[in-house]
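What follows is each chain in one-letter form.
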Amino acid sequence: MAISEQDLTHLRACVELAREAFDAGDDPFGSVLVDAAGAVLRTDRNRAGSGDETQHPEFELARWSARLPPDERAGCTVYTSGEHCPMCSAAHAWMGLGRIVYAGSSEQLSQWRASWGLPAGPVAVLPINTVAPGLPVDGPAPELEEELRALHRAAYARSLRR
Ligand SMILES: [Zn+2]
């Protein structure tokens, strides 16, 4: 499935949440959970700045979805500023959630980080479908690439000052 205008609207909200996370001292990632009818059920942003590095918004939304019946979960789409990491891909799949749409890929982020001289992270960079086969996944959205790159660059620059 291609990324529609409606998808882009939700992705832009994810980037705004990522900016909110950055402004709060957390890593710049944001996600939105949307039901089959297109209603936004829940939003969240990264909260890893406090020291709990597992506070990813995709993980939080997957856990939150436990209150929904399984058939409703399957109809949900999770939009996210950065592609799910393996932890979040697994949580999403365990909960039986539906489609994922991301603005920036994990591959892009790891390339940006490498270009800034950062070492690889502690978790392998795996596409969502390697962790969760058969899940409908769309991304990246080239429209948002520059904005995302700048946001991650700013977060990197800030990390040097800490
Ligand atoms: Zn994650």
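So, a few notes on the structure that sits alongside this text. Worth saying up front: this structure is predicted, and the values here are computed from it rather than measured.

**Considerations on the nonpolar core**
Then comes step 1: Counting 18 residues, the largest nonpolar core has Leu11, Val32, Tyr79 and Leu144 as its most contacted members.
Then comes step 2: Contributions of two or more residues to this core are made by helix H1 (5-23), strand S1 (30-34), strand S4 (100-104), helix H5 (106-115) and helix H7 (145-161).
Then comes step 3: Here this core gets 5 residues from one element, more than from any other, and that element is H1.
Then comes step 4: The contacts of valine 32, once residues within four sequence positions are left out, are His10, Ala13, Cys14, Leu17, Val40, Arg42, Thr43, Leu61, Thr77, Val78 and Tyr79.

**Points about the layout of surface pockets**
Empty space left among the atoms is revealed by rolling a probe the size of a water molecule over them.
Then comes step 1: Its volume calculated, the largest pocket comes out at about 1300 Å³.
Then comes step 2: Asp27, Phe29, Leu109, Arg113 and Gly121 are the residues nearest the centre of the largest pocket, which is lined by 46 residues in total.
Then comes step 3: Elements that contribute at least two residues to the lining of the largest pocket include exactly helix H2 (57-64), strand S3 (77-82), helix H4 (86-94), H5 and H7.
Then comes step 4: At 7 residues, the largest contribution of residues to the lining of the largest pocket is made by H5.
Then comes step 5: Taken together, the residues of the lining of the largest pocket sort by class into 22 nonpolar, 16 polar and 8 charged.

Parameters and conventions
- Residue indices follow the written sequence of each chain, beginning from 1 at its first position.
- Restriction of local features to residues with pLDDT of at least 70 applies here, the model being predicted, together with a cutoff of 80 or more for giving and counting side-chain atom pairs; totals for whole chains, interfaces and linings are based on all residues.
- Water and hydrogen atoms were dropped before computing side-chain values, which therefore reflect all heavy atoms in the structure.
- In plain words, nonpolar cores are sets of buried Ala, Val, Leu, Ile, Met, Phe, Trp, Tyr and Cys residues tied together by side-chain atoms within 4.5 Å.
- Residue exposure (1.4 Å probe, protein chains only): buried if accessible area is under 20% of the type maximum, exposed if over 50%, otherwise partly exposed.
- For helices the rule is a DSSP run of H or I covering at least 4 residues; for strands it is a run of E covering at least 2, with both sets numbered from the N terminus onward.
- The contact criterion used is simple: two residues touch if any of their non-hydrogen atoms lie within 4.5 Å.
- Any residue with an atom within 4 Å of a point lines the site, the site being either a cavity, points on a 1 Å grid over the protein atoms alone where a 1.4 Å probe fits but cannot get out, or a pocket, an open set with protein on both sides within 12 Å along at least 5 of 7 lines.
- Grid points are joined across faces, edges and corners, and a volume is the space filled by probe spheres set on the points.
- Three categories are distinguished: nonpolar for Ala, Val, Leu, Ile, Met, Phe, Trp, Tyr, Cys and Pro, charged for Asp, Glu, Lys and Arg, and polar for the others, with Gly belonging to the last.

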